Amino acid sequence: MDSIDYYNIEELLTYEERVARDRARQFVQDEVAPEVIPCHRVAKFPEHLIPCMGVLRFYAPYLKEHGCAGLSYTAYGLIMQELERADSGLRSLASVQGALAIQAIHSFGSPEQHTRWLPGLVSGKRLGCFALTEHGHGSDPGGMETRARRDGDHYVLDGSKCWIGNASIADVKVVWAKDDDGRVGGFVVEKDAPGFRARDIEGKFSLRMSRTSECWFDNCRIPAENRLPRASGLRAPLSCLSYARVGIAWGVVGAATDCYETALTYAKGREQFGRPIASFQLVQQKLVWMAQEITKAQLLALRLTRLMEAGAARPAQISLAKRNNVWMALQCARKARDILGAAGITDQYSVIRHVMNLESVSTYEGTHDIHTLAIGRDITGLNAFGG
């Protein structure tokens, strides 16, 4: 599973970063690869791998406390790259658990809340989710309708959320709702809280290895101490999304790399008209485009995480990396599927699965168009959102 490295990017990584990547790569080879096709076919996640990833400290590995690995943001990205090389659903679980649920509690929770929830989440012994998107509010989370009303020593939540990874089985649900003052706050709803119910979304042709749910809060009572005290306003959940988007920008490089290497191997072995199809100009053009765009995406992702390590990355720069790299990966997957011909639609090869998965990755954590407007606002100073 050697990765394409056309510009010797390996030389720009530290020893610790290479070790972290190789550990994730070995995990994927040994533990994940045998599970992917059967789990994709029946639309289930291999849940026994959740604590395994905790033992390897794959959840929010850039954090230093509470058992997190304390690695660089680049090492975090490389881990996500290797997970998504297997399947976007695997990387999605690590993103939801780490960059969203753990990150939210770490950033906005009290020391008591840290002690209460983070060790179980970091270890993978407890599962988390991050409930922001609603049925009527996807790209515009500020319009959320879920409410958290103070009632003595409790908050009472009413509303609904949709497209929430692992919500139906999560032990720790970080839910975003507007309080009595109309201010967005974070609230932790624990498993079996009264008034909470969830249902998994069935019939998905994308991210089939991910458990995705819609959920409802009907007079859902939680203790007042379950409110994250330092989360005030929409900037709180959006800041968590930035960490997840960085993981996506790196992760999709793994999916694109897998598609490229699958197509390259196939093209060199598949013969038509008495010669390998890799010898034809049109096939070489597709392979060259993939190698070129993967290399550019690798450099973009690396520069982004180096900026983060220096404390200098801006949200619009994260938007640019997410937007470009997901687009690149989806185009790579489609070109690879074309090279494989009829074989490209079967799960004997990973390409069609990556095509379908990347359609979801292109939509969540901000669509291509929404990130376009975010970058446009940054470079012009003019806001195109809301008309």
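Residues numbered from 1 in each chain as written. Predicted model: local features only at pLDDT ≥ 70, side-chain atom pairs only at ≥ 80, totals over all residues. Heavy atoms only, no water.

## What about unusual backbone geometry?
Thought 1: For Leu207, which is not a glycine, the phi torsion comes out positive at approximately 50°.
Thought 2: Phi at Asn219 is positive, roughly 50°, even though this residue is not glycine.

## Quick word on the side chain of Lys286
Thought 1: For Lys286, the position within the fold is in helix H7 (residues 281-309).
Thought 2: Exposure remark for Lys286: the relative accessible area of 18% places this residue in the buried category.
Thought 3: The contact partners of Lys286, leaving out residues within four places of it in the chain, are Lys335, Asp338 and Ile339. (Helix = DSSP H or I, 4+ residues; strand = E, 2+ residues; numbered from the N terminus. Buried < 20%, exposed > 50% of the residue type's maximum accessible area, 1.4 Å probe, protein only. Contact = heavy atoms within 4.5 Å.)

## Points about a nonpolar patch on the surface
Thought 1: On the surface, a cluster of nonpolar side chains totalling about 490 Å² of accessible area is made up of Tyr6, Tyr7, Leu12 and Leu299.
Thought 2: Relative to the helices and strands, Tyr7 is located in the segment before helix H1 (15-42).
Thought 3: With a relative accessible area of 57%, Tyr7 lands in the exposed category. (Patch = residues over 30% accessible without salt bridge, like charges linked within 9 Å, V, L, I, M, F, W, Y side chains within 5 Å. Areas by Shrake-Rupley, 256 points an atom, 1.4 Å probe, with all protein chains shown as cover. Salt bridge = Lys/Arg side-chain N within 4 Å of Asp/Glu carboxyl O.)

## A closer look at the pairing of strand S2 (residues 147-151)
Thought 1: The pairing of S2 with strand S3 (residues 154-165) spans 5 bridges and is antiparallel. Looking at S3, one finds that Arg149 is bridged to Val156.
Thought 2: The loop that links S2 with its antiparallel partner S3 comprises 2 residues; one of these, Gly152, has a positive phi angle of about 65°. (Pairing = 2+ DSSP bridges.)

## Here we look at the nonpolar core
Thought 1: Core analysis: the biggest nonpolar cluster contains 67 residues, and Met53, Leu83, Phe130 and Trp176 have the highest contact counts within it.
Thought 2: Counting residues per element, this core draws most heavily on helix H4 (residues 88-108), at 11 residues.
Thought 3: Apart from residues no more than four positions distant in its own chain, Leu83 is found in contact with Phe27, Val28, Met53, Phe58, Leu90, Arg91 and Ala94.
Thought 4: Formed by 35 residues, the second largest nonpolar core is a distinct cluster that contains Ile4, Ala291, Ala343 and Val351. (Core = buried A, V, L, I, M, F, W, Y, C linked by side-chain atoms within 4.5 Å.)

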